[in-house]
Amino acid sequence: MIDLGPLIELDRLAREDGRRYPKKRFLYKDIDIEYDRHFTGIVGPRGAGKTILLKQIALNYADTFYLSLDTFSDDLFETVKAIFDSLKVKLFLLDEVHMYPGFEAGLKKIYDFLDIKVVFTSSMALALYRSAHDLSRRVVLKKLYPFSLREYIFFRFDRQITPLTVDDIVSGRFDRSVMESGQVFRDYISGGLMPFVLNETTALRVLLENILQTVIYKDIAHAFKITMNELDTIRKMVSFIGKSGIDGINYSSLSRNLGITKYKAEQYASLLERAFILCRVMPQGTGVLKEPKIVMALPYRLLFREYEECMGGLREDFFVEAVKAAGFEIYYLKSTRGEKTPDYVLQDKEMFVFEIGGKSKGRQQFKGFKLGRKVILSDGYEIEGIKRPLFLFGFLVNRKL
């Protein structure tokens, strides 16, 4: 017999906690709360606000029940069934499902035998289709990243900024309010993008270190069969990338510097990408090795170097994350040794080619490169010729919303 009393109390406390957060992430309106046959999964990094989002749903919708699986050890199906039978709940909110062993089987059984809707979260990107239980046809996944610059301004200053398309940015179609927002870009990129920073007084490095330790030694350790020695190597990998320059970080350099095989370097980088600590950008070009360029998720680079020392890396981390969070695919450009090439190519309705860098960058970066509309993204506010402020990509419209 399952004792529902403690679970009901935890659900009540979750609703009460939801009252502390009247503002909602922009993704909230894209979560399909209406009952249908599909479950909804919200995946994203620790600290992005997934738990708060679930608590806001619990507070604002009737017939819901919040259940954290972080330390849950009972039978998931039997617990959900008991709550459903006793309270007639129609919508279950399951937090951190990846922490529950065999969550795929539990979700599939709930889907197959109970007439309910489920919204769940995970701090690990889930490959649902690879599971023997194949949840890909049953679950719609949504990604919740840290604040965009636009969201940061909304949450911190209560100001709404109209989103921009890539073409708006390149063509210079933006107003004064957008340009004025560049004043807070350094605060944003230095850690303000993490929602928890709004309410925390603890030093950012302490908070980031705690999150990183939890991601590696709890999330990755629970989700994959991996030894403690390998977890320590993964931690060393993050440190090596954080202390290195932005260029030349790939499987080969990780293998060489960490004393591991390229296969292991790829495996560990994949796990860290699924945990939203790293991001891999594949190359575009002919005759190139198909090794990705590896950047860090913001603002983890600041764990290892001061802002002024890693500004170039932070710029690229920001650009890659902003573009991916908005639903675009990007590639990095690689040429033969000694030739200059721009950094990234993005395909929207047309091809755009971007160089990320300081104010000294000019058209010479594109010498010999004929394809696409060429843009230099740099610090500051310059909008002359092909130069645009890098921070404008913090207002990029999400293609999937």
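Residues numbered from 1 in each chain as written. Predicted model: local features only at pLDDT ≥ 70, side-chain atom pairs only at ≥ 80, totals over all residues. Heavy atoms only, no water.

## Here's the deal with the overall build of the protein chain
Stated precisely, the cut-off is as follows: Secondary structure elements follow DSSP: runs of H or I no shorter than four residues count as helices, runs of E no shorter than two count as strands, and numbering proceeds from the N terminus. This radius of gyration counts C-alpha atoms alone. The globule rule is 2.2 Å times how many residues there are, raised to the power 0.38. Whether a residue is buried, partly exposed or exposed follows from its accessible area with a 1.4 Å probe, protein chains only, as a fraction of its type maximum: under 20%, in between, or over 50%, in that order. Reported accessibility uses the Shrake-Rupley method at a 1.4 Å probe radius. Residues are deemed covered only where the shown protein chains occlude them. Lys and Arg are tallied as positive, Asp and Glu as negative. Neither His nor the chain termini are counted. Each charge is placed at NZ for Lys, CZ for Arg, CG for Asp and CD for Glu.
Per the secondary structure count, the protein chain includes 13 helices and 13 strands. Here the C-alpha radius of gyration of the protein chain, 22 Å, is about what a compact globule of 401 residues would show, namely 21 Å. For the protein chain, the spread of C-alpha atoms along the three principal axes comes to 70 × 50 × 40 Å. Across the 401 residues that make up the protein chain, the buried fraction comes to 53%. Of the roughly 18,600 Å² of accessible surface on the protein chain, a fraction of 51% belongs to carbon and sulfur atoms. Computed over 61 positive and 52 negative side-chain charges, the separation of the two mean positions in the protein chain equals 5 Å.

## Quick word on the layout of surface pockets
Stated precisely, the cut-off is as follows: Points on a 1 Å grid, built from protein atoms alone, make a cavity when a 1.4 Å probe fits but cannot get out and make a pocket when they are open with protein on both sides within 12 Å along at least 5 of 7 lines; residues with an atom within 4 Å of a point are the lining residues. Grid points are joined across faces, edges and corners, and a volume is the space filled by probe spheres set on the points. Ten residues, namely Ala, Val, Leu, Ile, Met, Phe, Trp, Tyr, Cys and Pro, are considered nonpolar, four, namely Asp, Glu, Lys and Arg, are considered charged, and the remaining ones, Gly among them, are considered polar.
In this structure, the second largest pocket spans a volume of roughly 900 Å³. Forming the boundary of the second largest pocket are 33 residues, of which Y21, G47, G49, I52 and F196 lie nearest the centre. Counting residues per element, the lining of the second largest pocket draws most heavily on helix α2 (residues 50-60), at 6 residues. When grouped by side-chain class, the residues that make up the lining of the second largest pocket number 13 nonpolar, 8 polar and 12 charged.

## Observations concerning the sheet that holds strand β4 (residues 117-122)
Paired through their backbone hydrogen bonds, the strands of a sheet run either parallel or antiparallel. The following threshold applies: Should DSSP find at least two bridges between two strands, the strands are taken to pair. For helices, the fitted axis covers only the stretch in contact; all axes are lines through C-alpha atoms, and the angles between them, taken along N-to-C directions, range from 0 to 180 degrees. Contacts are residue-level and defined by heavy atoms, with any inter-residue pair within 4.5 Å sufficient.
Taken in spatial order, the 5 strands line up as β2-β3-β4-β1-β5 in an open sheet, and their pairing is parallel. A single partner strand is all that each edge strand has here, and the edge strands are β2 (64-68) and β5 (139-143). Each strand axis lies, on average, 20° off the axis of its neighbour in the sheet, ignoring direction. Relative to β4, strand β1 (residues 39-43) runs parallel, the two sharing 4 bridges. Counterpart to T40 in the pairing with β4 is V119. Contacts from helix α3 (residues 76-87) reach β2 and β3 (91-95) within the one sheet, and its direction differs from that of β2 by about 155°.

## Regarding the nonpolar core
Nonpolar side chains in soluble globular proteins generally cluster together in the buried interior. What counts here: Buried Ala, Val, Leu, Ile, Met, Phe, Trp, Tyr and Cys residues form a nonpolar core when they are joined through side-chain atoms within 4.5 Å.
In this structure, F319, F354 and F393 are the most contacted members of the largest nonpolar core, which totals 85 residues. A per-element tally of this core places helix α9 (residues 204-223) first, with 7 residues. Setting aside residues no more than four positions away along its own chain, F319 makes contact with I330, Y344, F354, I356, L377, L390 and F393. Among the nonpolar cores identified, the runner-up in size contains 33 residues, and L7, L69, V89 and Y111 belong to it.

## Brief notes about the state of the cysteines
Just so we agree on the cut-off: The rule for a disulfide is simple: a pair of cysteine sulfur atoms within 2.5 Å.
Under the counting rule described, the total for this entry stands at 0 disulfides. For C310, which is in no disulfide, the shortest distance to another cysteine sulfur is to C279 and amounts to 17 Å. Assessed through its relative accessible area of 2%, C310 is described here as buried.

## A look at empty space enclosed by the protein
The full count for this structure, using the stated rule, is 1 cavity of 30 Å³ or more. Its volume calculated, the largest cavity comes out at about 30 Å³. Among the elements of the structure, α8 (185-192) and α13 (311-325) are those that each provide at least two residues to the lining of the largest cavity. Counted by class, the lining of the largest cavity contains 6 nonpolar, no polar and 2 charged residues.

## Comments concerning α9
Rules: Here the expected length of a helix is defined as 1.5 Å per residue gap, with one fewer gap than residues. For a residue, the bend is simply the angle between two axes, fitted respectively to the seven-residue segment ending there and the seven-residue segment starting there.
Taking 1.5 Å of rise per residue, 20 residues should cover 28 Å, and α9 covers 27 Å from first to last C-alpha, within 8% of that figure. Taken as a whole, α9 carries its principal kink of about 35° at V215. When α9 is considered as a whole, its buried residues turn out to be L207, L208, I211, L212, V215, I216, D219 and I220. As for α9, its buried residues are in contact with α10 (228-243) and α12 (262-274).

## Structural notes on the packing of α3 against helix α4 (residues 103-113)
The axes of two packed helices give the description: the angle between them and the distance between them. Quick note on the threshold: Crossing handedness follows the turn of the near helix against the far one: under a right angle anticlockwise gives a left-handed crossing, and clockwise gives a right-handed one.
Where α3 contacts α4, the axes come no closer than 9 Å and their chain directions differ by 40°. Pair α3 / α4 crosses with right-handed handedness. For the pair formed by α3 and α4, the contact residues are L76, F77 and V80 on the first element and G106, K109, I110 and F113 on the second. A class-by-class count of the residues in the contact of α3 with α4 yields 5 nonpolar, 1 polar and 1 charged.

## Describing α10
Compared with an ideal rise of 1.5 Å per residue, which puts 16 residues at 22 Å, α10 spans 23 Å between its outermost C-alpha atoms and is within 8% of the ideal. Of the residues making up α10, those classed as buried are E230, L231, T233, I234, R235, M237, V238, S239, I241 and G242.

## Overview of the packing of aromatic side chains
Which entries qualify depends on this criterion: Two rings from Phe, Tyr or Trp (for Trp, the six-membered ring) form a pair when their centres sit within 6.5 Å of each other. Planes less than 30 degrees apart are called stacked, planes more than 60 degrees apart edge-to-face, and all others tilted. Definition used: whenever NZ (Lys) or CZ (Arg) falls within 6 Å of the ring centre and also within 35 degrees of the ring normal, the charge is taken to sit over that ring.
Tallying each qualifying case throughout the model produces 20 aromatic pairs. Geometrically, the ring pair formed by Y152 and F157 is edge-to-face, given 6.3 Å between the ring centres and 85° between the ring planes. Judged by its relative accessible area of 3%, Y152 falls in the buried class. Using a relative accessible area of 33% as the deciding quantity, one classes F157 as partly exposed. Taking 5.7 Å as the distance between ring centres and 65° as the angle between the ring planes, the aromatic pair formed by Y381 and F391 counts as edge-to-face. Within this pair, whereas Y381 is found in the loop between β12 (373-378) and β13 (387-389), its partner F391 is found in the segment after β13, the two being separated by 10 residues in sequence. Grouping aromatic residues by their ring pairs yields a cluster made of Y152, F157, F185, Y188, F318, Y381 and F391. Here K23 stacks its cationic end above the ring of F154, 4.9 Å away from the centre of that ring. The cationic tip of K24 hangs over the ring face of Y28; the distance from NZ or CZ to the ring centre is 5.3 Å.

## Some thoughts on the sheet that holds strand β9 (residues 330-333)
Judged by pairing direction, the sheet is mixed, and its 6 strands sit side by side in the order β7-β9-β10-β11-β12-β13 without closing on themselves. Of all strands in the sheet, those bounded by a partner on one side alone are β7 (283-284) and β13. Alignment of strand β10 (residues 344-347) against strand β11 (residues 351-356), held across 4 bridges, turns out to be antiparallel. The residue bridging V345 from the neighbouring strand is V353, located in β11.

Purely geometric stuff here, so don't read any function into it on its own.
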